[in-house]
Amino acid sequence: MSRRLLKPAAGLLLGAASAAVELVLLGVAALFMAFAFALPFSKDRRKVPGAVASAAMAAARLERRRLAAFHGYREAAEYGPPRALAYLAQRVPVGLLGGVIMILIAYGAAMTAGLAASWWITGDYLDGIPPEPWIVAYTGIFGAVLLFVAVQGLVGVVALERKAARRCLGPSPLAEYERRIAELSVSRAEVVDAVDGERRRIERDLHDGVQQRLVALGMLIGRARRAGDGERGRELLRQAHEESQRALADLREVAWRVYPAALDGEGLRAALETVAERSALPVAIEYGPAGRAPHAVETAAYFVVCEAVTNAAKHSGATRVAVRVTEDEGEDGRMIGVRIEDDGGGGADPAGGGLAGLARRVAALDGAFRVDSPPGGPTVVAAELPCA
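Definitions and limits used
Residues numbered from 1 in each chain as written. Predicted model: local features only at pLDDT ≥ 70, side-chain atom pairs only at ≥ 80, totals over all residues. Heavy atoms only, no water. Helix = DSSP H or I, 4+ residues; strand = E, 2+ residues; numbered from the N terminus. Buried < 20%, exposed > 50% of the residue type's maximum accessible area, 1.4 Å probe, protein only. Contact = heavy atoms within 4.5 Å. Areas by Shrake-Rupley, 256 points an atom, 1.4 Å probe, with all protein chains shown as cover. Core = buried A, V, L, I, M, F, W, Y, C linked by side-chain atoms within 4.5 Å. Phe/Tyr/Trp six-rings, centres within 6.5 Å; stacked < 30°, edge-to-face > 60°. Lys NZ or Arg CZ within 6 Å of the ring centre and 35° of its normal. Expected span 1.5 Å × (residues − 1). Pairing = 2+ DSSP bridges. Salt bridge = Lys/Arg side-chain N within 4 Å of Asp/Glu carboxyl O.

## A closer look at the overall build of the protein
Then, number 1: Counting its regular elements, the protein contains 10 helices and five strands.
Then, number 2: Split into buried and exposed, the 388 residues of the protein put 33% on the buried side.
Then, number 3: Once local pairs closer than 6 in sequence are excluded, the contacts in the protein between residues at least 24 apart make up 71%.
Then, number 4: Summed over its atoms, the accessible surface of the protein is roughly 23400 Å², and 62% of this surface lies on carbon and sulfur atoms.

Right, dumping it as structure tokens:
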């Protein structure tokens, strides 16, 4: 808790110091730009002078690093010198306001310490008369209210800092819309490819597994019908019965791989426990979410875990797999995180068919997908899925 409080406070203090420097920079920049615009022989009076542009861009980059380090702001940026100057003009008053609030809090803390020392430690009372209890209570309540207001002011300063960076340094609304349209177009095409690939996989499973079993079953039943010897016919029927059981098991396996029934009835946790039970490797599951996630999110999380566990069992040479499902509340709402780690030899190809299909499935939900598999291992497959 202390780190969570001290880190933003340090960021605000640093922001106040940088705001004082940037105020001087804006003043110098105003003189440079006024001089450049006043030149009668200037070819482009609307262009920001080079020195001003370089200084503004450097200051904006430093501010983005500060926001990322102390306030967790890591949004995309797309800006030039004019937008950098506009950002500095907006954030300088905000940064100075944060510094003033911090000074007031420090002043209030010093006054509180002085009053406490004079009342209860040194006995140095005003006019030699101890304070009345109601004066102590009134002072304490009034100071607590002022402290609450000051802290809320600091929270507002952080929010204004993030808002100014998002508005001035982030992509323009038109560019954001264009990027979003392009992402949706790519995601739609990738989803279609993923569906076609899943259909081809199901067709291979049915052709190479269930269909072959049924052909063998039909041949055994036909031989049993033609057998003249009763003992021979009973043996063929016994083999046909065993083959029918194997065909039924293969069909259940294909159906389970297409979509597990437990995911609809009991939820993601039960479906993942089924994955662990059917896996050839020991699978440890750590499940954090208390409630159910949206159906599409649970489905995507299930297939991410299932594919990663299957790959670990088939290709990595791992001896164990750890699955962790978490739930976080971010700025954009509830997020479900999935992390699968095995102790295999690594070297997994993110562009491979299975992992690429998972990436497309996660991207269709506006999620993030990552594969980290250095040579020698371990392999980590992670996905973050928004529930909005």
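There's more to say after this.
## Points about the nonpolar core
Then, number 1: Grouped together as the largest cluster of nonpolar side chains are 36 residues, with contacts concentrated most on Leu268, Tyr302, Val304, Val321, Val323 and Ile340.
Then, number 2: Mapped onto this core, the elements with two or more residues apiece are α8 (268-278), β1 (283-287), α9 (295-316), β2 (321-330), β3 (333-342), α10 (353-363) and β5 (379-386).
Then, number 3: The greatest single-element share of this core, amounting to 11 residues, is contributed by α9.
Then, number 4: Once residues within four sequence positions are removed from consideration, valine 321 is found in contact with Leu281, Pro282, Val283, Ala284, Val309, Ala312, Ile340, Glu341 and Asp342.
Then, number 5: Listed in part, the 20 residues of the second largest apolar core include Leu26, Ala29, Ala59 and Ala84.

## A look at the packing of aromatic side chains
Then, number 1: As enumerated under the stated definition, the model contains one aromatic pair in all.
Then, number 2: Taking the centre distance of 5.1 Å and the plane angle of 75° together, the rings of tyrosine 302 and phenylalanine 303 count as edge-to-face. Across the pair, exposure class does not vary: tyrosine 302 and phenylalanine 303 are buried alike.
Then, number 3: Over the aromatic face of phenylalanine 303 sits the side chain of arginine 361, whose NZ or CZ is 4.4 Å from the ring centroid.

## Some remarks on helix α2 (residues 50-71)
Then, number 1: Across its 22 residues, α2 extends 31 Å between first and last C-alpha, which sits within 8% of the 32 Å expected from 1.5 Å per residue.
Then, number 2: Taken as a whole, α2 has its buried residues at Val52, Ala53, Ala56, Met57, Ala59, Ala60, Glu63, Arg66, Leu67, Ala68 and His71.
Then, number 3: Positive phi appears at glycine 72, one or two residues downstream of α2, with a value of about 70°.

## Observations concerning the pairing of strand β4 (residues 368-372)
Then, number 1: Taken together, the five bridges between β4 and β5 define a ladder with antiparallel strand orientation. Residue pairing in the sheet places valine 371 in a bridge with valine 381 of β5.

## Describing the pattern of salt bridges
Then, number 1: This structure, assessed with the given rule, holds 13 salt bridges.
Then, number 2: The partner of glutamate 341 in a salt bridge is arginine 339, with the nearest N and O atoms 2.8 Å apart.
Then, number 3: The partly exposed category is assigned to glutamate 341, whose relative accessible area is 25%.
Then, number 4: By sharing partners, the salt bridges in this structure join Glu22, Glu63, Arg66, Arg91 and Glu161 into a single network.

These figures come from the coordinates and say nothing about function on their own.
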